[in-house]
Each structure stands twice: as C-alpha cells, then as structure tokens.
Amino acid sequence: MDVKIEPSWKEILSNEFDKNYFTHLVSFIKEERQKHTIYPKGKDYFRAFDACPFKKVNVVILGQDPYHGERQANGLCFSVDDGMRFPPSLLNIFKEIESDLGIAMPKSGNLEKWAQQGVLLLNATLTVRANQAGSHQNKGWEEFTDAVIKKLSDERENLVFMLWGSYAQKKGAVIDKNKHCVLTSPHPSPLSAHRGFLGNKHFSKANEYLKSVGKTPINWQL
C-alpha cells in the first residue's frame, strides 16, 4: 500500500502498511471522510513522522487523540497552529515548562520547533471525527502506533519517553527501560495536572538525560 509518510519511517514501518488491520483502517478513514469532517487535514495525518525522521528522534511525547475542535488538530500531539487559543492541557504543559526551566509562556502553541529538534509528538490515534472525541479509537491506529513505539524501543538507544497519564503509560509498556529513559506522571489535563503533572520537571530531566548520553538537549522555548 502506498502511504505518504517520511521515507525513513516508510522503510521502518513497511511491514505494517500491508497488514490487514491497516487495510481496514484506510477503508474506514475513506468512508469517514465521505460522510464527516475529519481532523486533522489529510496532509497532516503523518505530520509527526514527517517533521521528525526515525534516526532524528531523541524524545517521544505520547498523546491520545487529536483535538476534535475546528482548526485545532495539526498532526502533532498537544500542538495547535499559530493564532489558536491554547487548549487546557497545552496550557498546563507551558506552565510546567515555565516553572521547571524559567521559560516564559509562548505566544504560539505550535510545537513544530520541538519536532524539528527530534521530539516525536505522537498521538495514539491519528484522526478523529469533528466534535466527537475518541471516535476513531479501536479502528487500527493504536496497533500502528504501538508498532512505532516498539520499533523506537528496539532499534534506537537512549531515547526519552514522556508518558503522561495511565493511557500513555499502558501504551509504553513495551519500552525497554534498560536502554531508554521513561518519565511518567499524571496527564496535563486540568482533571489531573495538579495530581503530579505540575512539578514533574520532565523537561529539565529529559535534557539532563540527553546530556548524560552525549546528545544535544532540547530547546523547549518556542
């Protein structure tokens, strides 16, 4: 199956595109697009991969679903385009960065600059029906993104995985903790952020780890 995705990812994930679940997933997305508005735009389904080639990944931040509001989802987890109001979880991420690193709240919620430095901003599900959270769960995306996490764990070394909330932590069960740094905390959602996301210092911890293994730290300033 011809999938438009960054070449290094296309090669590393080539076996997935021919599996039954992925064929069914493509058919499902085609049907959904005929009947409903789907987010993000088609060109952005694989934006997280296009912005961050396989060998360039140093940090993985794992989200769950794309935003389902109009013009919010842009293919990078937790990210919104320039000019868009910050969703609550993103606002809490920026609050934690400000508290942890002293970096002032940015004007834009577009996280593309992180992706360009090697942060894979991966949602577990890469599409959603407008205004219907979770509407594309259990259709095949999770199996695909599980394969992504397993490939990164198996074939790379010394990556940082930020797993926020129980969903991300379950999904990260395949990560080899002996060769990677796995940071866990509650989710940045307003429902749980005060239970340990705020104050987790994941951004400084990630950079300390990257420096300790001879890698360039991430500039979290946008």
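Read on for a plain summary of the structure. The numbering scheme is per chain: residues are counted from 1 as the chain's sequence reads. The predicted origin of the model limits local features to residues at a pLDDT of at least 70 and limits the giving and counting of side-chain atom pairs to 80 or more, whereas totals for whole chains, interfaces and linings rest on all residues. Side-chain metrics rest on all non-hydrogen atoms present in the structure, leaving aside hydrogens and water.

1. Remarks on the overall build of the protein chain
For clarity, the cut-off: A run of H or I in DSSP counts as a helix once it spans at least four residues, and a run of E counts as a strand once it spans at least two, with each numbered from the N terminus. Buried, partly exposed and exposed residues are distinguished by accessible area as a fraction of the type maximum, computed with a 1.4 Å probe on protein chains only: under 20%, between the cut-offs, and over 50%, respectively.
For the protein chain, the helix and strand inventory stands at 9 helices and 6 strands. Oriented by its inertia axes, the alpha-carbon framework of the protein chain measures out at about 45 × 35 × 25 Å. Here the protein chain holds 222 residues, and the buried ones make up 55% of them.

2. What to know about the sheet that holds strand β6 (residues 181–185)
The criterion, for reference: The pairing criterion for strands is at least two bridges between them, as found by DSSP. Every angle, taken between N-to-C directions, lies between 0 and 180 degrees, and every axis is a line fitted to C-alpha atoms, over only the stretch in contact when it is a helix.
Here we have 4 strands laid out as an open sheet, ordered β3-β2-β5-β6, and parallel in their pairing. Edge strands, defined here as strands with exactly one partner in the open sheet, are β3 (119–123) and β6. Pairwise comparison of adjacent strand axes, ignoring direction, gives a mean angle of 20 degrees for this sheet. Pairing analysis gives 5 bridges linking strand β5 (residues 160–164) to β6, with the strands arranged parallel. Each bridged residue has a counterpart across the sheet, and for L163 the counterpart in β6 is T184.

3. Focus: the side chain of D44
Counted only if it meets this: Polar contact criterion, stated in full: a pair of N or O atoms within 3.5 Å, where within protein one must be able to donate a hydrogen and the other to accept it, and residues adjacent in sequence count only if both atoms are side-chain atoms.
For D44, the position within the fold is in the loop between β1 (38–39) and α4 (47–50). Residue classification places D44 among the buried positions, given a relative accessible area of 10%. Of the polar contacts made by the side chain of D44, one reaches the side chain of K43; its length is 3.4 Å.

4. So, helix α3 (residues 20–35)
Spacing of three or four residues puts side chains on the same side of an α-helix, whose turn is 3.6 residues. We count it as follows: In this scheme, a helix's expected span is set at 1.5 Å multiplied by one less than its residue total. In this context, the arc is that of the directions from the helix axis out to the C-beta atoms.
In a regular helix each residue adds 1.5 Å, so 16 residues correspond to 22 Å; α3 covers 23 Å between its end C-alpha atoms and thus fits that length. The complete set of buried residues in α3 reads Y21, F22, L25, F28, I29 and E32. All buried residues of α3 fall inside an arc of 115 degrees around its axis, so they share one side. Facing away from the buried surface of α3 by more than 90 degrees, the exposed residues are N20, H24, K30 and Q34.

5. Regarding unusual backbone geometry
Of note, the bond from Y39 into P40 is cis; its omega dihedral lies within 30 degrees of zero at -5 degrees. Within the secondary structure layout, P40 lies in the loop between β1 and α4. Phi is positive for R71, which is not a glycine, with a value near 65 degrees. Its place among the elements puts R71 in the loop between β2 (59–63) and α5 (88–101). For F78, which is not a glycine, the phi torsion comes out positive at approximately 70 degrees. Relative to the elements of secondary structure, F78 occurs in the loop between β2 and α5.

6. Examining the pairing of β2
With 5 of its 5 residues buried, β2 lies for the most part within the structure. Of the two faces of β2, the one holding V59, I61 and G63 and the one holding V60 and L62 are both buried throughout. With 4 bridges connecting them, β2 and β5 associate as parallel partners. Its bridge partner lying in β5, L62 is registered against L163.

7. Here's the deal with the pattern of salt bridges
Oppositely charged side chains are able to pair whenever their charged atoms sit close together. For clarity, the threshold we go by: Salt bridge, as applied in this entry: a Lys or Arg side-chain nitrogen positioned within 4 Å of an Asp or Glu carboxyl oxygen.
For the coordinates displayed, the defined rule picks out 8 salt bridges. Here D81 ties to R47 by a salt bridge, and the two come within 3.9 Å at their closest N and O atoms. Of this pair, D81 sits in the loop between β2 and α5 while R47 sits in helix α4, and the two are 34 residues apart along the sequence. Through salt bridges with shared partners, a single ionic network connects R47, D81 and E112.

8. Things to note about the environment of I29
Let me state the cut-off plainly: Here, residues are in contact when the closest pair of their heavy atoms is within 4.5 Å.
Tracing the backbone through its elements, the reader meets I29 in helix α3. Along the sequence, I29 and G42 sit 13 residues apart, while their C-alpha atoms lie 9.9 Å from each other. Beyond its immediate stretch of four places on either side in the chain, I29 contacts Y45, T127, H136 and W141.

9. Remarks on the packing of aromatic side chains
Note the threshold: To pair, rings of Phe, Tyr and Trp, with the six-membered ring standing in for Trp, must have centres within 6.5 Å; the planes then decide the type, stacked if under 30 degrees apart, edge-to-face if over 60, and tilted in the middle.
Inspection of the entire model under this criterion finds 19 aromatic pairs. With 5.2 Å between their ring centres and 90 degrees between their planes, W9 and F54 make a pair best called edge-to-face. Here W9 is found in helix α1 (residues 7–12), whereas its partner F54 is found in the loop between α4 and β2, with 45 residues between them in sequence. Comparing W9 with F54 shows no difference in burial state: the two are buried. A centroid spacing of 5.1 Å and a plane angle of 65 degrees characterise the contact between F86 and F94, whose relative ring orientation is edge-to-face. Judged on exposure class, the residue F86 and its partner F94 are both buried. Among the aromatic residues, ring-to-ring pairing joins W9, F17, Y21, F22, F46, F49, F54, W141 and F144 into one connected group.

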